[in-house]
Amino acid sequence: MKNVSQLTNFVENKLNEYTETTTRTADIGIVLQVGDGIARIYGLENVACGELLEFEDQTIGIALNLETSNVGAVLMGTGRNIKQGSTVKATGKIAQINVGDDLLGRVVDALVKPLDGKGSITGSETRLIESPAPGIIERQSVCEPMQTGIVSIDAMIPVGRGQRELIIGDRQTGKTSIALDTIINQKTENVICVYAAIGQKLQL
């Protein structure tokens, strides 16, 4: 009777393990074409716009262009090891990043992974990458001037805190220098400055 009881308990435990096990189906696609930081993928039928994709070389991509026959994804890395025929897995997660005061003074990539060697960024609050900007009514009105530190600009073109300014000019005319000088001039003005560096495609 003891052996029968042990066998019964063993079978019941195995049945419980089987019923508790959940199956997951992975949405897998194949790379049709890759170049210029864009990958065309076939087979991701259930992918959502803005969903994170994982390639074979651990490169992360974001699905943006959903078509009937393929999906266009933006690569969040070099993607040098991604080739035609490589597999892509949908993660089921919409692209979102950590936000908060922990980002102040840090250098991060497009997915907020640290590039400055100062350790990981902690924070419980997240925000979707593709989030709409606040409306005019929600934003605080422009009521305080901001000095760029460049006398000619401050004399001719008044700039207010929270105001949007467009710097237009040909290549190598000093547009980036104006922006960086303005940021440096805010060191003692209690102004949070964010600098986004966007690389240009290499001309081969």
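One can find the structure itself at the top, above this paragraph.
Residues numbered from 1 in each chain as written. Predicted model: local features only at pLDDT ≥ 70, side-chain atom pairs only at ≥ 80, totals over all residues. Heavy atoms only, no water.

Some details on the side chain of Asp27
Turning to its location among the elements, Asp27 is positioned in the loop between α1 (2–20) and β1 (28–35). Residue class for Asp27 comes out buried when judged on its relative accessible area of 17%. Here the side chain of Asp27 touches Asn46 through a polar contact of 3.1 Å, landing on its backbone nitrogen. (Helix = DSSP H or I, 4+ residues; strand = E, 2+ residues; numbered from the N terminus. Buried < 20%, exposed > 50% of the residue type's maximum accessible area, 1.4 Å probe, protein only. Polar contact = N/O pair within 3.5 Å; in protein donor to acceptor, adjacent residues only side chain to side chain.)

Some details on the nonpolar core
The nonpolar side chains of soluble globular proteins are, as a tendency, buried together. Among the nonpolar cores identified, the biggest contains 14 residues, and Ile41, Leu44, Val47, Leu53, Phe55 and Val88 are the most heavily contacted of them. In terms of residues, this core owes the most to one element, strand β5 (residues 71–75), which gives three residues. Those residues in contact with Ile41, other than ones at most four positions away along the chain, are Gly29, Ile30, Val31, Leu32, Leu53, Phe55, Asn70, Val71, Ala73 and Val88. (Core = buried A, V, L, I, M, F, W, Y, C linked by side-chain atoms within 4.5 Å. Contact = heavy atoms within 4.5 Å.)

Some words on the environment of Glu56
Position of Glu56 among the secondary structure elements: in the loop between β3 (51–55) and β4 (60–66). On the accessibility criterion, Glu56 (49% relative accessible area) is partly exposed. Through-space distance from the C-alpha of Glu56 to that of Ile82 is 7.3 Å; in sequence the pair is 26 residues apart.

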